[in-house]
Amino acid sequence: MERKKGMIEGILFSMGGSVKKKQLMNVLDLDEKQLNELLAEMKREYEKEERGIRLIELEDSCQLCTKPEYYDMLIRIVKQPKKYRLTDVMLETLSIIAYRQPVTKQEIEAIRGVKCDHAVNRLIEYNLVCEAGRLNAVGRPILLKTTEEFLRCFGVEHIDDLPMIDPSMVEEFKQEAQEEMNIILESGEESESENDNRTKERAGG
């Protein structure tokens, strides 16, 4: 079994990204219990202070990563990774997807009260959200769900590990969405009023 741990380490190191547990079970001729026991042992070993890597589990996959405390040193060696900025609107949209997935854009917009195309497109671009098929309904709208990158970024192994959302935050999201809607409506009314004035001026001329 010690040799099996070495094999797992070699596979994860070589692949770089996450590897499905089922793939490891098939290649190494292990059942689910045996694999989980080996992964648990490896996680304990990597957590020792002198080790620079750690093993993380992401739903039905696992991966080797650098420990967060060594990021500063890693940046000195490689080019600093691009940091994506998540706006409040994007965070709210991502929260809805995470807690209601799989979910359609129409459902997100029904909750927020405003369009979410830009936010969803950016989240897909950042690989935090992906398509999860289509809903079996009129128009067959696209379903959205979070990705493994989302789990990595937010430090959770499974979507069920997300903290329970505070009901007060839900009300705050609704209030902010309503404020956005009011601004959009006011902007539209002002634009319409300006068009009417220009029409009257042209008619008078």
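The preceding data block contains the structure.
So, here's what we can say about the structure. (Residues numbered from 1 in each chain as written. Predicted model: local features only at pLDDT ≥ 70, side-chain atom pairs only at ≥ 80, totals over all residues. Heavy atoms only, no water.)

Turning our eyes to something else, we now look at the pairing of strand E2 (residues 53-58). With six bridges connecting them, E2 and strand E3 (residues 61-66) associate as antiparallel partners. Across the sheet, residue Ile 56 finds its bridge partner in E3, namely Gln 63. The turn joining E2 and E3, which pair antiparallel and follow one another in sequence, is formed by two residues; a positive phi near 55 degrees is taken by Glu 59. (Pairing = 2+ DSSP bridges. Helix = DSSP H or I, 4+ residues; strand = E, 2+ residues; numbered from the N terminus.)

Looking now at the sheet that holds strand E5 (residues 129-134). The three strands are arranged E4-E6-E5 in an open sheet whose pairing can be described as antiparallel. One side of each edge strand has no neighbouring strand; the edge strands of this open sheet are strand E4 (103-104) and E5. Inspection of the sheet shows E4 paired to strand E6 (residues 142-146) by two bridges, in the antiparallel sense. By the bridge assignment, Val 103 is partnered in E6 with Leu 144. Along the sheet, helix H5 (residues 88-100) makes contact with E4, E5 and E6, crossing E6 at roughly 95 degrees. (Contact = heavy atoms within 4.5 Å. Axes fitted to C-alpha atoms, helices over the stretch in contact; angles between N-to-C directions.)

Moving on: the pattern of salt bridges. Using the criterion set out here, one finds 13 salt bridges in the structure. In this structure, Glu 57 engages Lys 43 in a salt bridge whose closest nitrogen and oxygen atoms are separated by 3.3 Å. Taken together, the positions of Glu 57 in strand E2 and Lys 43 in helix H3 (residues 32-46) put the pair 14 residues apart, joining distant regions of the chain. Close ionic contact of Glu 149 with Arg 152 constitutes a salt bridge, the shortest N to O distance being 3.2 Å. Separated by three residues within a single helix, Glu 149 and Arg 152 lie in helix H8 (residues 148-154), roughly one turn from each other. With a relative accessible area of 29%, Arg 152 lands in the partly exposed category. Within the structure, one salt-bridge network assembled from shared partners comprises Glu 2, Lys 5, Glu 41 and Glu 45. (Salt bridge = Lys/Arg side-chain N within 4 Å of Asp/Glu carboxyl O. Buried < 20%, exposed > 50% of the residue type's maximum accessible area, 1.4 Å probe, protein only.)

Turning next to a negative patch on the surface. Negative charge collects at one region of the surface, where Asp 29, Asp 31, Glu 32 and Glu 37 lie side by side. By the secondary structure assignment, Asp 29 is in the loop between helix H2 (21-28) and H3. Given a relative accessible area of 65%, Asp 29 falls into the exposed group. (Patch = residues over 30% accessible without salt bridge, like charges linked within 9 Å, V, L, I, M, F, W, Y side chains within 5 Å. Areas by Shrake-Rupley, 256 points an atom, 1.4 Å probe, with all protein chains shown as cover. Lys, Arg positive; Asp, Glu negative; His and termini not counted. Charge placed at Lys NZ, Arg CZ, Asp CG, Glu CD.)

Taken by themselves, the reported measurements are silent on function.
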